[in-house]
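If you want the building blocks of each chain, they are given just below.
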Amino acid sequence: MRTPNSPHISGRWRRIGSAAAATGALLIAGLGTAAHADAATPHKVSSKAIAAAVAKAHVQYSSVCGTTPKKGYAACNALRVTGGTTAFQEEQAVKKGVKPATVSPKASSATPTGYGPSDLQDAYGLTAASANNGSGQTVAIVDAYDDPNAAADLATYRSYYGLPACTVANGCFKKVSQTGSTTSLPTANSGWAGEISLDLDMVSAIAPNAHILLVEAKSATDANLGTAVNEAVKLGAKFVSNSYGGSESSSDTSYDSSYYNHPGVAITASAGDEGYGAEYPAASKYVTSVGGTALSTASNSRGWTETVWKTSSTEGTGSGCSAYDAKPSWQTDTGCTKRMIADVSAVADPATGVSVYDSYGADGTGWNTYGGTSASAPIIASVYALAGTPGSSDYPSQYPYLDTSALNDVTSGNNGTCSTSYFCTARTGYDGPTGLGTPQGLAAFGG
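Residues numbered from 1 in each chain as written. Predicted model: local features only at pLDDT ≥ 70, side-chain atom pairs only at ≥ 80, totals over all residues. Heavy atoms only, no water.

Our focus in this paragraph is the overall build of the protein. Along the backbone of the protein there are eleven helices and 22 strands. Relative to its full complement of 447 residues, the protein shows a buried share of 62%. Relative to all contacts within the protein whose residues are 6 or more apart in sequence, the contacts with residues 24 or more apart total 79%. For the protein, the exposed surface amounts to about 14600 Å²; the carbon and sulfur share of it is 52%. (Helix = DSSP H or I, 4+ residues; strand = E, 2+ residues; numbered from the N terminus. Buried < 20%, exposed > 50% of the residue type's maximum accessible area, 1.4 Å probe, protein only. Contact = heavy atoms within 4.5 Å. Areas by Shrake-Rupley, 256 points an atom, 1.4 Å probe, with all protein chains shown as cover.)

Next up, the structure:
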């Protein structure tokens, strides 16, 4: 759980962490000419050799949104890899017969160093849906402060991976303030710009045919971010991703009714990156709270495997039993009488992280690898978009509970030690760190 500190989000790095990738053969399939070239294999490599290489992945990373916020403020849950070698880099290196490159925080990478669209689509059974669904849908991203390079960086990411152009000119991309203005935007911030790039790129990776609406709050207060959520819904978005969180408070139930109670809209929120401990708005009964996993390929029928993301006792996916929010009727675990975090999950481990392009400010060094539940929240919002418009009176957070067989149940790993085991430890069926599991196609995300 986050603890009080400065309300000002400076974009300075908050902490350095490290994460080791899970073992497993990573068979990275690129999307687009450049990605195919990057994945070229000059000689045959055994799956055992690839697994051994991937096991060496070990990264350092930083939280891009500054110090832990005080009460009434939120910080983003984006973690930027600043050193070491990612699982993607290790896999590519062994297949090419070369020494893996090392991530540098101060130099642009010429090519991606994390998972791309085709990897994520394949891992979650979305390849056909991503190609064919999503047209006419709008996925909204809510963040604090302005990213002046959002449109240009989005274009770079999509061009590299061969995705359809999504620009202001063609009507696919729109950036507004929390009041809906396209011209009077918040102050720019380097750390939150990295968060914005991560969010936009994850929507692009999962739902490349959807429109994207970026709503920028003027600051990282709960009230301003909530106002931005309302603006996103007002502007027609049926899918809203929130990759931020802060400590719970007695004000949360009023925030629920003021900002997050939107029937007919799928709202996702990151579970947090600091291990066990409830965050808000993930604790809101009106949102789908999204936990995080470590994702690697495997020789099973799915071709991938996932465990709970945990780096240390204070670094890993969030989970928790809310102190304030009532339990929604569709959530039936018995150890927590109030709202339990999370509902579902997706990749968040920085060592098995996703590729992002960000060029703004001190943190904007080009191609980077990102992790954190800031990656998993927009992934899940985009899966909802592929599944179609929610029923007008529905709360889409209940959908996964109606078809749990259509999810990949994550049954190994933990994010800490809890007196009620499933609050922290994965098991068959529902658990706190990964919820009901990760997407296996669309069936669990449509009404």
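Glancing now at the packing of aromatic side chains. If you walk through the whole model with that rule in mind, you get 17 aromatic pairs. The interplanar angle of 45° and the centroid separation of 6.1 Å between the aromatic rings of Y157 and W367 together place this pair among those described as tilted. Residue Y157 is located in helix α6 (residues 150–160), and its partner W367 is located in strand β20 (residues 366–371); the two are separated by 210 residues in the primary sequence. W367 shares its class with Y157; the two are buried. Three or more aromatic residues joined by ring pairs form one cluster here, namely Y157, Y160, Y161, Y357 and W367. (Phe/Tyr/Trp six-rings, centres within 6.5 Å; stacked < 30°, edge-to-face > 60°.)

By the definition in use, this model includes four disulfides. Bridging C321 to C336, the disulfide has an S-S length of 2.1 Å. Sign of the S-S torsion, about 85° for the bond between C321 and C336, identifies this disulfide as right-handed. Of this pair, C321 sits in strand β16 (residues 315–326) while C336 is found in the loop between β16 and β17 (338–341), placing the two residues 15 residues apart along the sequence. Here C336 falls in the buried class, since its relative accessible area comes to 1%. Counting its disulfide-bonded cysteines in sequence order, the protein shows a connectivity of 1-2, 3-4, 5-6, 7-8. (Disulfide = S-S within 2.5 Å.)

Another point: the pairing of strand β14 (residues 304–308). Residues in a regular strand point their side chains to alternate faces of the sheet. With five bridges joining them, strand β13 (residues 288–297) and β14 adopt antiparallel strand pairing. Paired with T293 across the strands is V308, a residue of β14. Where β13 hands over to β14, the hairpin turn is made up of six residues, of which G303 adopts a positive phi near 90°. (Pairing = 2+ DSSP bridges.)

With respect to topology, three strands assemble into an open sheet ordered β3-β9-β12, the strand pairing being antiparallel. Looking at which strands have only one partner, the edges of the open sheet turn out to be β3 (75–76) and β12 (279–280). Taken together, the two bridges between β3 and strand β9 (residues 244–247) define a ladder with antiparallel strand orientation. If you follow A75 over to β9, its bridge partner there is G245.

Ranked by size, the top nonpolar core spans 103 residues in total, and within it L120, V142, L200, V240, Y260 and V354 carry the most contacts. Once you skip the residues sitting within four places of it in the chain, L200 turns out to touch I141, A150, L154, F173, I212 and L214. Counting eight residues, the second-largest nonpolar core is a separate cluster that includes Y61, L79, W309 and A351. (Core = buried A, V, L, I, M, F, W, Y, C linked by side-chain atoms within 4.5 Å.)

Residue placement: D431 occurs in the loop between β21 (407–408) and β22 (438–439). No salt bridge forms around the buried D431; measuring N to O, its nearest opposite-charge neighbour R427 is 5.8 Å away. Only 3.3 Å separates the side chain of D431 from the backbone nitrogen of R427, close enough to count as a polar contact. Polar contacts involving the side chain of D431 include one to the side chain of T434, which spans 2.8 Å. Ignoring anything within four residues of it in the chain, the contact list for D431 reads A342, V410, Y422, T425 and A426. (Lys, Arg positive; Asp, Glu negative; His and termini not counted. Salt bridge = Lys/Arg side-chain N within 4 Å of Asp/Glu carboxyl O. Polar contact = N/O pair within 3.5 Å; in protein donor to acceptor, adjacent residues only side chain to side chain.)

Everything listed here is a matter of coordinates, which is why it stays silent on function.
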